[in-house]
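# Inside the fold
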Amino acid sequence: MDIVDIIRAKRDGARLTDEQIRFFIDAYTRGGVADEQASALLMAIVWRSLDTAELTTWTAAMIESGKRLDLSGIDAPTVDKHSTGGVGDKVSLVLAPLIATQGAADPMLSGRGLGHTGGTLDKLEAIPGWRADLDRSELMTVLRNVGCVICAAGGELAPADRKLYALRDVTGTVESIPLIASSIMAKKIAEGTGALVLDVKVGSGAFLPDAASARELAETMVRLGAAHGVKTSALLTNMDTPLGWAAGNALEVREALDALSGTGPKDLVEVTIALAEEMLALTGIEHTRSGLEAALGDGTARRKFKDMIAAQGGDLTGPLRDAPEQFVIESPAPGYLRRLDARAVGIAAWRLGAGRARKEDPVSAAAGVLCLKKPGDEVTEGEPLLVLHADDARRFGPARAALEGAFDIGAEPPEPRPLVLARIGP
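## Some points on unusual backbone geometry
For S49, which is not a glycine, the phi torsion comes out positive at approximately 70°. With respect to the helices and strands, S49 occurs in the loop between α3 (35-48) and α4 (52-64). Even without glycine at this site, A158 takes up a positive phi of about 45°.

What follows is the structure in structure tokens.
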């Protein structure tokens, strides 16, 4: 089979056969197709797209490029959540242990942050000693003993996606709904979980800011999950404003611990419980909202989180690292905070050292932004709105520049927007 013929076919709008797709994914993963040829095919897909049948085969081929995680040894129903990424989104840290308190098992294979969106593994690595990289035996032991595990996916799951993702990142071929959907779902299906809930963010801080694109991505991923035998649904959730108060690694761990103790921010708790209810519904486990709230309020979920962290080498007995440098941004006028732009806050946190421009870049555990006010709150002139945290005070200038125009103060509070915008699925 000739890769050039495959490139030409998609360039001209033809439907690729199953054989052509499987040939390309296998050959590129093994090094039999050059990067420039793969780039040409990816660009053709960006322009011509993939239909449902093509995308199903493309995703299956990526799954088959590696090994699947076998969860048959886990007695409890297995279910996971995937977020498309946002600012202040520490939901996974609260959700996985909360789900485990209800009798489900959550094998949450997570990633690192890139650009203005934070990564779950980066947040947890702010905890001294915590290990993201577990082998299969370790992963299964933690999952079996604790009921939840959060760790890196490892190189055996969908290795084709790892190669293709790196290539898309440097060739301007990220922005394709089929390629985004297959990248996410190949890893999640290979994870072996029986059910999956997708948290698809919508708004300024989201990967896909407009609602139409976010809905299309959600619908595409739900179809892919069903096609591969995984019960899948999606919630579209609001990401115009940072979720919770904190954006940054140790700052978000502290906030997650508050939520796990029943004292977390209302928006974080609301999104977490909505996702938990959706996950438990897919597994068939009976539950109540009051029961989930109780697991947070009475410390049950916090103890489960501590057990998971300890099982992965983490030590929560001491304080998390504080940033040595802080800078306060004050309200320029009295009134109500009408808008706080999530993307601007995320970029500021990134410039402070909490994020990375490239996957290999280091991140600061202590850097980030603490939001002291949220839209709808009344403020006085000179009242602190944001606190910037950094290891180096020279980072404050670029972070403050990112926040220019990021918030509005007005005479009236804004109309409240729902956090959960829509549900997609069976």
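Next, the rest of the story.
## Examining the state of the cysteines
Should the sulfur atoms of two cysteines be covalently bonded, the bond is a disulfide. For the structure on display, the rule yields zero disulfides. Cysteine C148 shares no disulfide, and the gap to the nearest cysteine sulfur, in C151, comes to 11 Å.

## Side note on the nonpolar core
Counting 141 residues, the largest nonpolar core has F24, I25, W58, F305, V369 and L403 as its most contacted members. Apart from residues no more than four positions distant in its own chain, F305 is found in contact with L93, P97, L124, I127, L257, L260 and L316.

## Digging into helix α11 (residues 249-259)
Residues three or four positions apart in an α-helix share a direction because the helix packs 3.6 residues into each turn. Among the eleven residues of α11, nine are classified as buried, and the element is accordingly described as predominantly covered. Listed as buried for α11 are N249, A250, L251, E252, V253, E255, A256, L257 and A259.

## Here's the deal with the environment of A34
Note that A34 resides in the loop between α2 (18-30) and α3. A34 gets classed as partly exposed once you look at its relative accessible area, which sits at 27%. Between the C-alpha atom of A34 and that of I3, which follows or precedes it by 31 residues, the distance is 9.6 Å.

## Overview of the packing of α3 against helix α8 (residues 159-171)
For the pair α3 and α8, the least separation of the axes is 10 Å and the interaxial angle reads 75°. Relative to α8, α3 is oriented roughly perpendicular. Judged by residue contacts, D35, A38, S39, L42 and M43 of α3 engage L164, L167, R168 and T171 from α8. Among the residues forming the contact of α3 with α8, the class breakdown is five nonpolar, two polar and two charged.

## Examining the sheet that holds strand β13 (residues 420-424)
Strand order in the open sheet formed by four strands is β1-β4-β5-β13, with mixed pairing between adjacent strands. Of all the strands in the sheet, just β1 (79-83) and β13 have a single pairing partner and so form its edges. Direction aside, the axes of adjacent strands within the sheet are offset by 20° on average. Sheet strands touched by helix α9 (residues 177-190): β1, β4 (195-202) and β5 (231-238). Its angle to β1, the strand with the most contacts, is close to 160°.

Conventions used here
Residues numbered from 1 in each chain as written. Predicted model: local features only at pLDDT ≥ 70, side-chain atom pairs only at ≥ 80, totals over all residues. Heavy atoms only, no water. Helix = DSSP H or I, 4+ residues; strand = E, 2+ residues; numbered from the N terminus. Disulfide = S-S within 2.5 Å. Core = buried A, V, L, I, M, F, W, Y, C linked by side-chain atoms within 4.5 Å. Buried < 20%, exposed > 50% of the residue type's maximum accessible area, 1.4 Å probe, protein only. Contact = heavy atoms within 4.5 Å. Axes fitted to C-alpha atoms, helices over the stretch in contact; angles between N-to-C directions. Parallel < 35°, antiparallel > 145°, perpendicular 65-115°, else oblique. Nonpolar A, V, L, I, M, F, W, Y, C, P; charged D, E, K, R; others polar. Pairing = 2+ DSSP bridges.

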